[in-house]
Amino acid sequence: MGADSGRYRGTEGRISQWLRRRPKPQPVADDAARLALLLAVAEAGMPISPAAHPSGYRCSCERVGCPTPARHPLSFAWQTQSTTDRAQIERWAENQPLANFITATGLVHDVLDVPLAAGSAALERLLAAGIDVGPVARSGTDRMLFFTATRGTPDDEDEWWPCELDCHPETMDEHPGLRWHCRGSYVLLPPARLPGELDVHWIRGPENPLPDPLTLLETLTDACAQYADTADASDLDHDSVPWPLSR
């Protein structure tokens, strides 16, 4: 009994070690290209901070059931940690070569975050109308991010005007359509890797000036409404198909 018990314990130890092994993630780009993209964001005045990265199909934070794998900051103090300081960003990039980065919104810039289909249609419409569109990024297979100037951070809190579209990290599931990332929020910054070999990348880079968000809002809102109507119609068509009878 004792020998068998020892043998089983040894087997259990080897299995536990095997289960803990994960594929080693690869950097999203070479170090120089990655650093250049991060510094371009900082030069545009947008503060950044290190974030988690994929570890296989899981998150590098190793939290069981992480709700936002590879999409969240490393530090709870990300709002005060976020910076545009070149030397600090270079240190982060060198010491954490696999890390993604987030950018804290509501200081210099906001981000209008929309479903990919709606964002693609809106971007085409905005450019065709000759409207100045700032930096735009694609996030995974389902979202598009429009970077704009912030609504401001007035000294007098009474001057702040909230919006029902305002989104914070903990309320993202409540905003399946248009999300307005402003004070107290952040978005994942290109270049970034996501689980499942997905990524976040620029469609229009940070060298484009940040526009007033109100110049984009109506077009984005209309596109999101059309996207929602299309999705609802698709669901109705799907629901109207009768299930085949069992034989």
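Residues numbered from 1 in each chain as written. Predicted model: local features only at pLDDT ≥ 70, side-chain atom pairs only at ≥ 80, totals over all residues. Heavy atoms only, no water.

A. Molecular detail of the pairing of strand E4 (residues 100-104). Counting buried residues along E4, five of its five residues qualify, which places the element largely inside the surrounding structure. Across the two faces of E4 the burial is the same, with Asn-100, Ile-102 and Ala-104 and Phe-101 and Thr-103 all buried. When strand E1 (residues 48-51) meets E4, the two strands line up antiparallel, connected through four bridges. The residue of E4 that forms the bridge with Pro-50 is Phe-101. (Buried < 20%, exposed > 50% of the residue type's maximum accessible area, 1.4 Å probe, protein only. Helix = DSSP H or I, 4+ residues; strand = E, 2+ residues; numbered from the N terminus. Pairing = 2+ DSSP bridges.)

B. Quick peek at the sheet that holds E1. What the three strands build is an open sheet, ordered E1-E4-E10; its pairing is antiparallel. One side of each edge strand has no neighbouring strand; the edge strands of this open sheet are E1 and strand E10 (186-189). Geometrically, the sheet is characterised by an average inter-axis angle of 35° between neighbouring strands, direction not taken into account. Together, E1 and E4 form the strand contacts of helix H4 (residues 86-95), whose direction differs from that of E1 by roughly 15°. (Axes fitted to C-alpha atoms, helices over the stretch in contact; angles between N-to-C directions. Contact = heavy atoms within 4.5 Å.)

C. Quick peek at the confidence of the model for the chain. Counting all residues, the mean pLDDT for the chain is 82, and 73% of those residues have values of 70 or more. When the criterion is pLDDT under 50, residues 1-28 qualifies, and its contacts beyond four places in sequence or with other chains add up to 16 contacts. Note that pLDDT drops below 50 for residues 238-247; the model gives that stretch zero contacts with residues more than four away or on any other chain. (pLDDT = per-residue confidence, 0-100.)

D. The arrangement of the side chain of His-181 in detail. Mapping His-181 onto the fold places it in strand E9 (residues 179-181). In terms of polar contacts, His-181 uses its side chain to reach the side chain of Ser-185, at 2.8 Å. (Polar contact = N/O pair within 3.5 Å; in protein donor to acceptor, adjacent residues only side chain to side chain.)

E. Focus on helix H2 (residues 31-43). Across its 13 residues, H2 extends 18 Å between first and last C-alpha, which sits within 8% of the 18 Å expected from 1.5 Å per residue. Along H2, the residues classified as buried are Arg-34, Leu-38, Leu-39, Val-41 and Ala-42. Mapping the buried residues of H2 onto a view down its axis gives an arc of 155°, with all of them on the same face. Counted as exposed and oriented over 90 degrees from the buried face of H2: Ala-32 and Glu-43. Residue Asp-30 occupies the N-cap position of H2, its side-chain oxygen lying 3.2 Å from the main-chain nitrogen of Ala-32. Looking one or two places after H2, you find Gly-45, whose phi comes out positive at around 90°. (Expected span 1.5 Å × (residues − 1). Arc of directions from axis to C-beta.)

F. Seen up close, the pairing of strand E6 (residues 136-139). Bridge analysis of E6 against strand E7 (residues 143-149) gives four bridges, and the strand direction is antiparallel. Counted as the bridge partner of Ala-137 is Leu-145 from E7. As defined by bridge partners, E6 adjoins strand E12 (residues 198-204) across four bridges and the pair is classed as antiparallel. Residue Val-136 lies in a different strand from E12, and its bridge partner there is Arg-204.

G. Representation of the state of the cysteines in the model. Within this structure, the stated rule accounts for zero disulfides. Considering cysteine sulfurs only, Cys-61 is the nearest to Cys-59, which forms no disulfide, with 3.5 Å between them. Judged by its relative accessible area of 33%, Cys-61 falls in the partly exposed class. (Disulfide = S-S within 2.5 Å.)

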